[in-house]
Amino acid sequence: MNAIQPTSAASTRFGDSLRRARAVRRRSQLDLALSAGLSQRHLSFLESGRSQPSRAMLLRLAEALDLGLADRNHWLIAAGFAPIYPQRAIEAPDMTPVREALARMLRHHEPFPAMVIDRAWNLVMTNEATERMIAMVSMVGGHASADALWQKVCGDGPRNMVQMSLHPEGLRPFVVNADEVVAALLSRLSQEALDHPPSARLREVVMAYPGLAATARNIDVSARLSPVLATHFRIAGQDLRLFAMLSRFDMPRDLTAEDLRVETLYPADADSEQLLRGMAGSP
């Protein structure tokens, strides 16, 4: 039998995090306890801070909840342990194979837009098709350059695709089906914000944009999102319909690679494909 340990600040911090993570995933105490191989009573003590987890127990619970590596590190720190999953910059020498693989994916997707973003939607890498599209929007919107548009949308912060998509001077004015697209994007961002503080801060930023607060009030974050939603752009009188697919690295022990997502955009009809090929000067 596991003895009840005295309540400590570390056990309380971990218990609060455990309870939030379970609630976000709509798991009952009994369900999670069975998955992790402990009693419901023990799990209740962990959540209340009456019992301190061992490192092995903490990692079993994280596995049962399918927690990301960054969140597992946060749990370890909250419980008083050292983090065990390293994180390095994408520019680090030992990340060269990852960078090269990403660059190859982006290059092969030409003449269609593709980009690498992190978990908070910050832009890490793009292909030339993405740059051409942003340049076209900046020109039609009256900005001196694509860099000037990014500065207007994101200021001195990192280039962020949610901000570019939802800012009133970014892509949003060019989206014909904006109500549908904005609602879907805000729903996804709201789901991610439940257990990811950087996404929660990003949501606060975009909620200050004109017209978004009313849309956000009607979002059901538990609703199942449509697997395919084409965004209908109209730029300088030309119609462009695109849908997105997301890919991730299967590298479960690397925080940097786990955090990256490749978003590839595909034309939703023949006219859109022809337009993108024409912008690239390809047949």
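In the block above lies the structure referred to throughout.
The structure presented is a predicted model; accordingly, all values stated were derived computationally and were not measured.

The rules behind the values
- Residues numbered from 1 in each chain as written.
- Predicted model: local features only at pLDDT ≥ 70, side-chain atom pairs only at ≥ 80, totals over all residues.
- Heavy atoms only, no water.
- Helix = DSSP H or I, 4+ residues; strand = E, 2+ residues; numbered from the N terminus.
- 1 Å grid on protein atoms, 1.4 Å probe; cavity = no way out; pocket = protein on both sides within 12 Å on 5 of 7 lines; lining within 4 Å.
- Points joined across faces, edges and corners; volume = space filled by probe spheres on them.
- Nonpolar A, V, L, I, M, F, W, Y, C, P; charged D, E, K, R; others polar.

(A) Up close: unusual backbone geometry. For the bond running from E110 to P111, omega is 5°, close enough to zero to count as cis. The residue P111 is located in the loop between α6 (96-108) and β1 (114-117) in this model. Unusually for a residue other than glycine, R26 sits at a positive phi of about 55°. Along the chain, R26 turns up in the loop between α1 (9-24) and α2 (29-36). Here D66, not a glycine, exhibits a phi torsion of approximately 55°, which is positive. Checked against the element boundaries, D66 lands in the loop between α4 (55-64) and α5 (69-78).

(B) Empty space enclosed by the protein, seen in detail. Taken as a whole and judged by the stated rule, the model has one cavity of 30 Å³ or more. Approximately 40 Å³ is the volume attributed to the largest cavity. Lining the largest cavity, in full, are L123, T126, T130, E131, I134, W150 and M161. Elements with a minimum of two residues in the lining of the largest cavity: β2 (123-126) and α7 (128-140). Broken down by element, the residue count for the lining of the largest cavity peaks at three residues, all from α7. The residue inventory of the lining of the largest cavity, partitioned by class, reads four nonpolar, two polar and one charged.

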